[in-house]
Amino acid sequence: MKYQEVKNYIGGKFVEVNTNKRLDVISPVDGTLLSKVPMSSAKDLDEAVKAAKAAFPAWSKMPIKERVQIFFRYKTLLERDLKALAELCSEENGKIYGESVAEIEKCIELTEFATSLPQLVTGEVLEVSRGVECRTEHAPLGVVASIVPFNFPAMVPNWTLPNAIALGNCLIMKPSEKVPLSCGKIAELLKEAGLPDGVFNIVHGDVDIVNAICDHPGIEAVSFVGSTKVAKIVYQRATQNLKRCLALGGAKNHLLVLPDAKEDMTAANVVASMSGCAGQRCMAASAMIGVGNVDHIIEKIVIEAKKIVAGKNLGAVINKESKERIERYITEAENQGAKILVDGRNAVAEGKEQGTYVGPTVIDFVTPDMSVAKEEIFGPVISIMRTNTLDEAIAIENSNPYGNAASIFTQNGGYARYLIDRASAGMIGVNVGVPVPREPFSFGGWNESKFGVGDITGKSSIEFWTKLKKSTTKWNPEAGTNWMS
Ligand code: NAD
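Residues numbered from 1 in each chain as written. Predicted model: local features only at pLDDT ≥ 70, side-chain atom pairs only at ≥ 80, totals over all residues. Heavy atoms only, no water.

J.: Could you give an account of helix α1 (residues 42-61), naming the residues involved and the relevant values?
T.: Between its first and last C-alpha atoms α1 spans 29 Å; for 20 residues at 1.5 Å apiece the expected length is 28 Å, and the two agree. Its maximal kink placed at Ala55, α1 deviates by approximately 40°, while the proline Pro57 follows within four residues. When α1 is considered as a whole, its buried residues turn out to be Asp44, Leu45, Ala48, Val49, Ala51, Ala52, Ala55, Trp59 and Ser60. (Helix = DSSP H or I, 4+ residues; strand = E, 2+ residues; numbered from the N terminus. Expected span 1.5 Å × (residues − 1). Bend = angle between axes of the 7 residues up to and from the residue. Buried < 20%, exposed > 50% of the residue type's maximum accessible area, 1.4 Å probe, protein only.)

J.: I'd like to hear about the site of the ligand, residue by residue, with values.
T.: Residues in close proximity to the ligand total 29 residues, the closest being Lys174, Glu177, Ser227, Gly249 and Glu376. Backbone polar atom of Phe150 to an oxygen atom of the ligand: 3.1 Å apart, as the coordinates give it. Contact between the ligand and Gly249: a nitrogen atom at 2.7 Å from a main-chain N or O atom of the residue. Within the complex, 90% of the 840 Å² of free accessible area of the ligand lies under protein. (Near = heavy atom within 4 Å. Polar contact = N/O pair within 3.5 Å; in protein donor to acceptor, adjacent residues only side chain to side chain. Areas by Shrake-Rupley, 256 points an atom, 1.4 Å probe, with all protein chains shown as cover.)

J.: Please set out the domain arrangement of the protein chain residue by residue, giving values where relevant.
T.: The domains assigned to the protein chain are domain 1 (8-250 + 445-470) and domain 2 (253-430). Centre-to-centre separation of domain 1 and domain 2, based on C-alpha positions: 31 Å. Taken together, the contacts link 22 residues of domain 1 with 29 residues of domain 2. Summing the contributions of domain 1 and of domain 2, the shared interface buries around 1,900 Å²; its carbon and sulfur component is 60%. (Domains from an automatic or database assignment. Contact = heavy atoms within 4.5 Å. Buried area = accessible area lost by both parts, 1.4 Å probe.)

J.: Which residues make up the pairing of strand β12 (residues 253-257), and what values go with them?
T.: Of all the five residues making up β12, five are buried; the element is thus mostly covered by neighbouring parts of the structure. Here β12 shows no split at all, with Asn253, Leu255 and Val257 on one side and His254 and Leu256 on the other all buried. By the bridge criterion, five bridges tie β12 to strand β13 (residues 285-291) in an arrangement that is parallel. Each bridged residue has a counterpart across the sheet, and for Leu255 the counterpart in β13 is Met288. In the sheet, β12 pairs with strand β17 (residues 405-409) via four bridges, with the strands oriented parallel. In the sheet register, Leu256 faces β17, and the bridge partner there is Ile408. (Pairing = 2+ DSSP bridges.)

Here you go:
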């Protein structure tokens, strides 16, 4: 085992978990056993809630300008340790090093946003009648929790932790049991940055601990990022327990390609979108719809896809089950009559034979009723459908239950606007394959890609992590009565 057994992080200390249930943490890169992760109990969660509750009064009373000083320091520490963090992220998740560097750079950008929060939470004040003033302030919620998926071991935790904490909350993080290591490093950096003990805590586990978080009466709000199936469970359970909840789910993102699209740029973007992070991104292109004759662009997509080599510029998928699932989808499409233009099945990365790789896969002549057209595959696979009109393409996009992203590739601004107005997705790209809004814009999909109000990052997150206090004051009692008295 390469690293020590993973521990919970409670009250500023790494603590042993008293359990016999531990899962192996295996590197998808080459099958190395990295560590073991404990499955915590409701009792462990309770310890974390107690520590967070104890830290809350002092932390929430600290002025926000003082709180964000810790995030200025945290940002510097992320920059200092970028290489080590990126290496760890690649090791546990399987993505290639450059993608992990980009992930840590995104953590830095998210932290930069948190340092700007004092500028954004100033509240409002107005003299509403003579001598009477109404004022609003954003108050923190208390102890909050964040449940995160495997595909971004550092970035998704940093979608929530800098904002939730800078806004005065104390947070309990539940990392994915598949990639529990990066969060430990994040805890160390927060401590080094001066974060008081108990403000950030980690509790490891899987289903049971997620249920315990949804049920715990001491937790005020739960954010979740993961599959739609679990997002629904968490949203229903947390809100049934009267908690505030924002649950982001899975995706099936469509790229609409028009014949006038710039060939080289479009092909490069389609391939980068479907194969980046081995297709394990909720913003990855999963379906392409060629509107009219786009054969010339598909030819270039095939050339580009063939440049992607497992283990070199393409990372591994998370585990054996995932590899098998993705390959089953490809085989099923083939059996149903689709044409496999580039076949990523049975990929082996040289020197990493125990790794779990799927090569880039381009499937043409897919029809909207096939599973590869409808379901989230979460692998480096693009399913190409063809339509005669933009309206037919938009109808396919709209009929999908998800709604994270949709993009159009064209040189025609009118067609681009037509898609923006009609796509049933929260994040739209025009000649952009992965239309992730950058800070200060917020991240969040529609439909079955997100349950709850608002978005998870950017300004929108302020509403989620705070509650409004409204005060009305009268400072000149001698002025007599007014309509409010
Ligand atoms: P997952 O839903 O399996 O797991 C997410 C979290 O939920 C993990 O911490 C896990 O321990 C926990 N969990 C798993 N099964 C559970 C259950 N039955 N009950 C309660 N908790 C459970 O997701 P994943 O496989 O880790 O991540 C991939 C998924 O996440 C994809 O569907 C992807 O699209 C989605 N995702 C969405 C976004 C977004 O912004 N919408 C971002 C990243 C990932």
